[in-house]
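Results of the structural survey
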Amino acid sequence: MENINRIPLLGEKFPSMTVKTTHGMKKLPDDYAGKWFVLFSHPGDFTPVCTTEFVAFAKKAEEFKKLNAELIGLSVDQVFAHIKWIEWIEEKLGVKIPFPVIADELGKVATTLGMLHEAKGTNTVRAVFIVDDKGILRLMMYYPQEVGRNIDEILRALKALQTSDQNGVATPENWPNNGLIGDKVIIPPAATEDLAKERLQKAKAGEIECFDWWFCYKKL
């Protein structure tokens, strides 16, 4: 694993690391080249909140795959504990966990990615990292141990990132269910006077919609 002095920032290459998982050894981000991946940490195996999250991630796994994205779990537990917990979830709750779970018993990955917050103890917080198909870190979320994550929000954020990349646009709050412009997307603000005038002309012609030259939007 590469040594870095700080956690990676958005827009930077995801740190290169080799990890032990329930699906064998994996190299990140290389083994996922050409795919997006969502790496999420959980405080510990055999804990109620984490169990509810794993069940929810498993039930949404196919939706992530449809977006060319793979899921990867992580905690500071050993691989044996991961395997037993996964078996328990399938046996007791009838849910098969299809994604690998990183065993980070020495906390090296968690330290590199800033998942260990001293004031919250020695377990990882509930971190989420979305990495794109080029190995670039695109989104980070942190939740405390006592609050479970919303998997639909992680899916929504992934879809929004991909939509932004593919169309050169931004997405509004709660897209595609924004209270102001619905499922429409925002055109990047005009950076010149000429472009500002052009935007308003396009709005007048019905090609796009604008509240003003700096706030224009359209239907994809």
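Residues numbered from 1 in each chain as written. Predicted model: local features only at pLDDT ≥ 70, side-chain atom pairs only at ≥ 80, totals over all residues. Heavy atoms only, no water.

As a reminder, the rule being used: UniProt positions are given in the numbering used here, feature names are shortened, and annotations may be inferred rather than shown by experiment.
As named in an unreviewed UniProt entry, the chain is Peroxiredoxin, taken from Caldicellulosiruptor kronotskyensis. Turning to the chain, the UniProt annotation filed under Function (unreviewed entry) states: "Thiol-specific peroxidase that catalyzes the reduction of hydrogen peroxide and organic hydroperoxides to water and alcohols, respectively. Plays a role in cell protection against oxidative stress by detoxifying peroxides." Entered under Subcellular location (unreviewed entry) in the UniProt record, the comment concerning the chain runs "Cytoplasm".

**Some details on the side chain of K26**
So the rule is basically this: A run of DSSP states H or I qualifies as a helix once it reaches four residues; a run of E qualifies as a strand once it reaches two. Both are numbered from the N-terminal end. Partly exposed describes any residue whose relative accessible area lies between the buried limit of under 20% and the exposed limit of over 50%, with all areas from a 1.4 Å probe on protein chains only and scaled to the type maximum. Only four residue types enter the charge count, namely Lys and Arg as positive and Asp and Glu as negative; His and the chain termini do not. A pairing counts as a salt bridge when a side-chain nitrogen of Lys or Arg comes within 4 Å of a carboxyl oxygen of Asp or Glu. The contact criterion used throughout is that any non-hydrogen atoms of two residues lie within 4.5 Å.
Positionally, K26 belongs in strand β2 (residues 24-28). Buried within the structure, K26 lacks any salt-bridge partner; its nearest side chain of opposite charge belongs to D31, at an N-O separation of 5.4 Å. Excluding its chain neighbours within four sequence positions, the residues that come into contact with K26 are M17, T18, V19, T21, D31, Y32 and P100.

**Notes on the state of the cysteines**
Cysteine pairs can be linked by a disulfide, which is a covalent bond between their two sulfur atoms. Spelled out, the test is: Any two cysteine sulfur atoms within 2.5 Å of one another count as a disulfide.
Applying the stated rule across the entire model yields 1 disulfide. The disulfide bridge from C210 ends at C216, spanning 2.0 Å between sulfur atoms. An S-S torsion of about 105 degrees defines the bridge between C210 and C216 as right-handed. Relative accessible area serves as the criterion here: at 21%, C210 is assigned to the partly exposed category.

**Considering the pattern of salt bridges**
Going through the model one piece at a time under the given rule, you end up with 17 salt bridges. A salt bridge links K20 to E105; the shortest N-O distance between them is 3.6 Å. Separated by 85 residues along the polypeptide, K20 in strand β1 (residues 17-21) and E105 in the loop between β5 (101-103) and α3 (108-112) bring together distant segments of the chain. Looking at K20, the relative accessible area reads 36%, which means it is partly exposed. Where R156 meets E153, a salt bridge forms, and the shortest distance between an N and an O atom there is 2.8 Å. One end of the pair is R156 and the other is E153, both in helix α4 (residues 151-167) and 3 residues apart, which spans about a single turn. Here R156 falls in the partly exposed class, since its relative accessible area comes to 21%. Shared partners join several salt bridges into a network, and the residues in it are K35, K65 and E70.

**Examining the UniProt feature "binding site: substrate" (unreviewed entry) in the chain**
So the rule is basically this: Any pair of nitrogen or oxygen atoms within 3.5 Å is treated as a polar contact; in protein, a donor-acceptor pairing is required on top of that, and neighbouring residues in sequence qualify only through side-chain atoms on both sides.
Per the UniProt record, "binding site: substrate" (unreviewed entry) is found at R126. Here R126 shows up in strand β6 (residues 126-131). A distance of 3.5 Å separates the side chain of R126 from the backbone oxygen of P144, its partner in a polar contact.

**Some words on the UniProt feature "active site" (unreviewed entry) in the chain**
Per the UniProt annotation, the sites labelled "active site" (unreviewed entry) are C50. Its location among the elements puts C50 in helix α1 (residues 48-66). We classify C50 as buried; its relative accessible area is 1%.

**Describing the domain arrangement of the chain**
Worth spelling out the cut-off: Domain ranges listed in this record stem from an automatic or a database domain assignment.
For the chain, the assigned domains are domain 1 (12-149) and domain 2 (168-219). When each unit is reduced to the centre of its C-alpha atoms, the spacing between domain 1 and domain 2 is 37 Å.

**Remarks on unusual backbone geometry**
With an omega dihedral of 0 degrees, the bond running from L28 to P29 counts as a cis peptide bond. Along the chain, P29 turns up in the loop between β2 and β3 (36-41). Note the cis peptide between W175 and P176, where omega equals 10 degrees. With a phi close to 55 degrees, F46 is a non-glycine residue in the positive phi region. Looking at the element boundaries, F46 is found in the loop between β3 and α1. Phi at N174 is positive, roughly 55 degrees, even though this residue is not glycine. Considering the arrangement of structural elements, one finds N174 in the loop between α4 and β8 (185-187).

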